[in-house]
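Close look at the chain arrangement
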Amino acid sequence: MIVRELLSDDLSQVSDAQPDSNPLSEEDALQEAQFLEILFDTARSTVGVLFDLRTALQLRDGNTGVLVARNVTSLVWSAKLRRTNRTAWNVTQSLPGRDGLHFTLEVRMFPDASLTIVAQQACFFTGTVPGLGEVPPDYYDDDSTIVGKLAQWESSFLPLQAAFINP
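Everything in this summary refers to the structure shown in the same document. All values derive from a computational prediction rather than experimental measurement.

With respect to the secondary-structure elements, Gln34 resides in strand E1 (residues 34-41). For Gln34, a relative accessible area of 7% translates into the label buried. Within polar-contact distance, the side chain of Gln34 engages the side chain of Asn90 at 3.3 Å. Excluding anything up to four places from it in sequence, Gln34 contacts Leu50, Phe51, Asp52, Thr55, Ala88, Trp89, Asn90, Pro136 and Tyr139.

Here is the structure:
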């Protein structure tokens with residue numbers, strides 16, 4: 001499967017093994033992961049967030065994490081630093097929460113950024129994107145070298161674990 005397919009409604013191919021640390025319910029489960037990319041499907045009110053897990057402290061199985069939020073009611077990105085090239089956004093804190101029918105995840109990153117998602121459903125998948133190597137790229141390399149060493153929405157993905165929150 002490819003990473004983007006995790007945003008579909010049919011997740012029958014995905015593992016039902018639970019991660020040791022659950023980013024949907026445990027504070028700081030995403031600590032030291034790198035936030036890579038966000039994909040927002042407005043027609044289906046679905047958000048996908050791509051993480052590099054090679055430096056994550058809690059999530060040690062697999063090299064890639066994917067958060068899928070459905071029935072999204074709020075999506076907020078805030079960054080104080082204006083960059084002209086790629087930035088390694090390292091997670092310093094992740095704060096999941098539940099409030100009635102809504103799931104909230106606030107992710108704080110270095111340097112000075114945050115992402116907050118409020119949705120009715122959420123899934124978090126860990127897995128392996130083949131060929132990435134042991135460590136993330138050096139963000140001072142040229143753009144094509146960096147991209148070649150990171151997971152993309154069109155990358156092949158071997159799911160290992162999944163966690164789900166439904167209303």
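After that view of the structure, there is still more to cover.
Enumeration according to the criterion identifies five salt bridges in this entry. Measuring nitrogen to oxygen at the nearest pair gives 2.9 Å for the salt bridge that ties Arg44 to Asp41. The class of Asp41 is partly exposed, set by a relative accessible area of 24%. For the salt bridge of Arg54 with Asp52, the shortest nitrogen-to-oxygen distance reads 2.5 Å.

Moving on, we come to the pairing of strand E6 (residues 113-128). In the case of a regular strand, side chains alternate between the two sheet surfaces. Counting buried residues in E6 gives twelve out of 16 residues, a clear majority hidden from the surface. Two strands pair when backbone bridges link them, and strand E3 (residues 64-79) and E6 are joined in this way by 14 bridges, in the antiparallel orientation. Each bridged residue has a counterpart across the sheet, and for Arg70 the counterpart in E6 is Gln121. Alignment of strand E5 (residues 102-110) against E6, held across seven bridges, turns out to be antiparallel. Residue pairing across strands places Thr104 opposite Val118, the latter belonging to E6. Counting the residues between successive antiparallel strands, the hairpin from E5 to E6 contains two residues, one of them, Asp112, with a positive phi of roughly 40°. Pairing of E6 with strand E7 (residues 158-165) involves seven bridges; the strand directions are antiparallel. Each bridged residue has a counterpart across the sheet, and for Phe124 the counterpart in E7 is Ala163.

Rules of the game
Residues numbered from 1 in each chain as written. Predicted model: local features only at pLDDT ≥ 70, side-chain atom pairs only at ≥ 80, totals over all residues. Heavy atoms only, no water. Helix = DSSP H or I, 4+ residues; strand = E, 2+ residues; numbered from the N terminus. Buried < 20%, exposed > 50% of the residue type's maximum accessible area, 1.4 Å probe, protein only. Polar contact = N/O pair within 3.5 Å; in protein donor to acceptor, adjacent residues only side chain to side chain. Contact = heavy atoms within 4.5 Å. Salt bridge = Lys/Arg side-chain N within 4 Å of Asp/Glu carboxyl O. Pairing = 2+ DSSP bridges.

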